[in-house]
Amino acid sequence: MITKNQNVLKWFEEMKALCKPDNVVWIDGSEEQLAQLREEAFRTGEMIKLNEEKLPGCIYHRTKPNDVARVEDRTFICSRRKEDAGPTNNWMDPKEMYAMLTPMYDGVMKGRTMYVIPYSMGPIGSPIAKVGFELTDSIYVVLNMAIMTRMGDKVIEAFPDDSNDFVRGLHSKADVDPEKRYIVQFPEDNTIWSINSAYGGNVLLGKKCFALRIASFQGKNEGWMAEHMLILGVQKPDGTTTYITAAFPSACGKTNLAMLIPPEGYKKKGYKVFTVGDDIAWMKQGPDGRLYAITPENGFFGVAPGTNAKSNFNALESTKKNAIFTNVAINKDDMTVWWEGLDKNPPENAQEWTGLDVNGKEWTSQIDEKTGKKKVLAHPNSRFTAPAQNCPCLSPEFNNPNGVPISAMIFGGRRASTTPLVYQSFDWTHGTYVGSAVSSETTAAATGAVGVLRHDPMAMKPFIGYNVGDYWNHWLEMGEKLGDKAPKIFNVNWFRQDENGNFMWPGFGDNMRVLDWIIDRCEGKVDAVETPIGFVPKPEDINIEGLEGEVSLDTVKHLVDVDKDLWKKEIKEMRRYYDEDIKAKGGNIPQALYDELDKIEARLGK
Ligand code: GTP
Ligand code: SPV
Ligand code: MN
C-alpha cells in the first residue's frame, strides 16, 4: 500500500530521484511479501536458509569483516549549531553534510530495488509511539525491521494523511566502503542518512538512530525520555508486579537482566520476571503523575556469544524460530548455528563468521597469526534478531499502549573495582549525578579497543542526540515534574573482580537477589547503610541462600564495600571529566550536578 500522505510522498519522490533505483517496493508487512524477499536473498546468496526442522523460519547473514559493529567515529549529529550537538558527538554543519553525502547517494541504487518501510516505534496507536519511514536497498534491513518494529500497511493506515511527524530514514549499503561510511542524524529535520554499512545498529534506522538519537532530542523538546534501558517486571508471590528499567552500556547485560530466571529459592516462593523490553525505553509521565515506559521495539537484536540455556534460557528460546543470525558460525553438518559460550561442543564441520571453513581442524587452539590470540568461530559482536513474541517470559503488558509504571531505575557498567554490587542514590538529583558518572569497560558492540574504561553517561554516550549538558538538565527537569512519584535511582555492578581477575558475583539469574533488595528499598521494607556515595545494603540483607560455595557473607561484605581511597580517585576523575571533557568543550553542566560532586567530595573528606 502506498501512503496518501503528501509529506511522505514528496520526500520519497525526492529520495527516489536522487538514488535512482530500478524498482521500488512498498513493504506491506505481509508474510507473503516477506517470504518472497527471503527467497530472493537465498537465491542471490545474500542470506542462507538454516535447518527448517531445527530452526524453522531462521536465516543466516554475514556482513563484511570491516562492517561488524557500530562506528562511533563515523556517526554524526548535524544540528544547525555546533553547540547543540555538544562535546559527546561528532558534528558537521547540516548544509555541508548534505552537500557531502548527496553525491554519494546520487544513482547509488541503479540496478537495485528501493524498499520503502513504513514502521511504528511502539504499539500502533500508543500515545508514546512514533512513525518512521526507512528507504533502503537491503533485504537484510527489511527482514530485520519486520522483526524489530511494527511495520507495513497497518502503519500507513493509522498514520494521518496530513501528519508531518515522521522520521525520514535513508539507507544505502552502497559499496560497504568503510572509508565512506556515515551514520548521520539531522535532529532538526527528523532525518537520518546512513550509507556504506550493512550492520545492525548502523542500518536498522528505527533502533539507535531514531529511537535513541532522534527520540532523545524529541523527548527533550516534548517533555519525555528516550533511554538505553531495558524494562522488566518482577511479580511477587502476592501477584503484585514492580517495573524497573536499567541502563547499561552496549554488551553489558541488558538483555540478560531483562530475561532473567530467578534462582530456585525465589521460583519456589512464586517470584516471576517478565520482559517488557531489552534495549530501549520511551518514558512519559502518566495521568497519575508516575513515569510510564514502553519499549519502542518489537524484537531483540541481542549479543549471541555467551547466550546459552543456563545464562539466558529465554533469549535462546526466542531465537529458535523466525530469527535472523548475523556473524555467528554455521554448523555445516546440519545447518544450525553456533557461537562461543553456546555449549562446549563447537561443530567440527564449522564455517566461521568470516565464511572460512574449518572442517575437522582443532579450531579452538587455532591461533590468529596476526594478533597471536585464540581465534573465535563467531564474531564477538555476532547477533540474533528475534521476535519478542517468541520470548517465553514476555510481559502481558508488552503491547499495552500506555506502558508500565516505573518504580526504580538502575544504572550500571563493567567495573573491575571501585563500584559496589549495588547502591541507592539519595534522591533524583543525586541519581542524575550517578547516571552522569557511569563509566564502563568498552565492548565489541562498537569498533575500537575492547576493555578500556571510558565515561558513558547514562549508557547513552553514543546515543544522546544533542548537548549532553542539556540532556542532564532534562533529567533534572523530569525529576522536578515527577516529584515524589519519581522512580528511585540505583547503580549496580555485576563485574567486580577479585585479585585473580575472576568475577566475584555470579550474575545472571542471581542478579534477582539484588533486584529483591532494590524492590524492598522502593517499598521502604529494608534499612541500608549510608555511605558518602549513597545507600549500600547491609551485607546480610542480600539473600545468598542457595549460593553456598559460590558466595559467602564475607564476599558480599567485600562486594558492597565503599573504599574511600578508590572513591576519592573516582571523584577526582569525575571532576576532571566534567571540567575538561564536558564543560571546556561546550557542555552546559547544570550547577546542581556540580553541587552533587561537591557534596560527595565533602562526605569523603580529605
Ligand atoms: P546491547 O545489545 O549491545 O545493548 O547489549 P546488552 O546490554 O543487552 O548486553 P547482553 O545482555 O547481551 O550481555 C552482553 C554480555 O555480557 C554477554 O556476553 C553476557 O554473557 C555478559 N553478561 C550479562 N549479564 C552478566 C552478568 O550478570 N555477569 C557477567 N559476568 N556477565 C554478564
Ligand atoms: C548496542 O550496541 O547497544 C546494540 C546493538 O544494542 S546495535 O543495534 O548495533 O546498536
Ligand atoms: Mn544496545
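What counts, and where the lines are drawn
Residues numbered from 1 in each chain as written. Chains lettered and ligands numbered in written order. Predicted model: local features only at pLDDT ≥ 70, side-chain atom pairs only at ≥ 80, totals over all residues. Heavy atoms only, no water. Axes fitted to C-alpha atoms, helices over the stretch in contact; angles between N-to-C directions. Helix = DSSP H or I, 4+ residues; strand = E, 2+ residues; numbered from the N terminus. Left-handed = near helix turned anticlockwise from the far one by under 90°. Contact = heavy atoms within 4.5 Å. Nonpolar A, V, L, I, M, F, W, Y, C, P; charged D, E, K, R; others polar. Parallel < 35°, antiparallel > 145°, perpendicular 65-115°, else oblique. Donors = N, O, S within 2.8 Å, 3.2 Å for Na, K, Ca; no water. Buried < 20%, exposed > 50% of the residue type's maximum accessible area, 1.4 Å probe, protein only. Domains from an automatic or database assignment. Buried area = accessible area lost by both parts, 1.4 Å probe. Salt bridge = Lys/Arg side-chain N within 4 Å of Asp/Glu carboxyl O. Polar contact = N/O pair within 3.5 Å; in protein donor to acceptor, adjacent residues only side chain to side chain. Expected span 1.5 Å × (residues − 1). Core = buried A, V, L, I, M, F, W, Y, C linked by side-chain atoms within 4.5 Å. Pairing = 2+ DSSP bridges. Near = heavy atom within 4 Å. Areas by Shrake-Rupley, 256 points an atom, 1.4 Å probe, with all protein chains shown as cover.

Student: Describe the packing of helix α2 (residues 31-44) against helix α5 (residues 139-148), listing the residues and the values that go with them.
Tutor: The contact between α2 and α5 brings their axes to 10 Å, and the two run at 140°. For α2 against α5, the interelement crossing comes out left-handed. Together, L34, L37, R38, E40 and A41 of α2 and I139, V142, L143 and A146 of α5 make up the contact between the two elements. Its residues placed into classes, the contact of α2 with α5 shows 7 nonpolar, no polar and 2 charged.

Student: Could you give an account of the packing of helix α12 (residues 428-436) against helix α17 (residues 591-604), naming the residues involved and the relevant values?
Tutor: Between α12 and α17, whose axes approach to 9 Å, the crossing angle comes to 90°. Overall, the two elements α12 and α17 adopt an arrangement that is roughly perpendicular. For the pair formed by α12 and α17, the contact residues are T429, H430, T432, Y433 and S436 on the first element and A592, L593, E596, L597, I600 and R603 on the second. Looking at the contact of α12 with α17 residue by residue, the classes come out as 5 nonpolar, 4 polar and 2 charged.

Student: So what about the coordination of the manganese ion (ligand 3)? Which residues, and what values?
Tutor: Only K208 (NZ), H228 (NE2) and D279 (OD) from the protein reach the manganese ion (ligand 3) as donors, at distances of 2.2 to 2.3 Å. Site description for the manganese ion (ligand 3): donor spacing in sequence, K-x19-H-x50-D. In this pair, K208 sits in helix α8 (residues 206-222) while H228 sits in the loop between β11 (225-227) and β12 (230-235), placing the two residues 20 residues apart along the sequence. Residue H228 is classed as buried on the basis of its relative accessible area, which comes to 0%.

Student: A description of the domain arrangement of the protein chain should follow, citing residues and the corresponding values.
Tutor: Domains assigned within the protein chain are domain 1 (6-47 + 71-222) and domain 2 (227-299 + 395-604). If you average the C-alpha positions of domain 1 and of domain 2, the two centres end up 31 Å apart. Between domain 1 and domain 2, a total of about 3100 Å² is buried, with carbon and sulfur atoms accounting for 57% of that surface. Scanning the region where domain 1 abuts domain 2 turns up 4 salt bridges. E297 serves as the salt-bridge partner of K207, at 2.9 Å between the closest nitrogen and oxygen. Viewed at the interface, domain 2 and domain 1 are joined by 19 residue pairs in polar contact (both at pLDDT 80 or more). Contributing elements (two or more residues each) for the side of domain 1 that touches domain 2: α3 (82-85), β5 (113-121), α5 and α8. For the side of domain 1 that touches domain 2, the element with the most residues is α8, which contributes 11 residues.

Student: I'd love a proper account of helix α1 (residues 6-19), names of residues and values included.
Tutor: Taking 1.5 Å of rise per residue, the 14 residues of α1 would be expected to cover 20 Å, and the 20 Å separating its terminal C-alpha atoms lies within 8% of that figure. Among all positions of α1, only V8, L9, W11, F12, M15, L18 and C19 are buried. Lining the buried residues of α1 we find β1 (23-26), α4 (94-105), β5, β6 (130-136), β8 (166-172) and β10 (191-195). Where α1 starts, the residue carrying a side-chain oxygen 2.8 Å from the main-chain nitrogen of N7 turns out to be N5. A positive phi of about 55° marks K20, the residue just after α1.

Student: Can you explain the nonpolar core? Please cite residues and give values.
Tutor: Ranked by internal contacts, the top residues of the largest apolar core, which has 93 residues, are W282, Y433, W472, W475 and Y578. Viewed by domain, this core spans two of them, domain 1 (6-47 + 71-222) and domain 2 (227-299 + 395-604), each represented by three or more residues.

Student: Quick one: what's the story with the sheet that holds strand β19 (residues 329-331), residue by residue and with numbers?
Tutor: Spatially, β20-β19-β21 is the arrangement adopted by the 3 strands of the open sheet, whose pairing is antiparallel. The open sheet is flanked by β20 (336-338) and β21 (350-351), the only strands paired with a single partner. Direction of pairing for β19 relative to β20: antiparallel, over a ladder of 3 bridges. What sits directly across from A329, in β20, is W338.

Student: Let's hear about α5: which residues, and what values?
Tutor: Extensive coverage of α5 is indicated by the burial of 9 of its 10 residues. Within α5 the residues assigned to the buried category are I139, Y140, V141, V142, L143, N144, M145, I147 and M148. Residue S138 occupies the N-cap position of α5, its side-chain oxygen lying 3.2 Å from the main-chain nitrogen of Y140.

Student: Could you give me a rundown of the site of ligand 2, with the residues and numbers involved?
Tutor: Around ligand 2, a shell composed of R70, Y199, G201, K207, K208, H228, S250, D279, F301, R383, A445 and F463 is seen. Take G201: an N or O atom from its main chain is 3.0 Å from an oxygen atom of ligand 2. One nitrogen or oxygen atom from the side chain of D279 is found 3.4 Å from an oxygen atom belonging to ligand 2. Surface burial for ligand 2 is 98%, taken as the share of its 280 Å² of free accessible area covered by protein chains.

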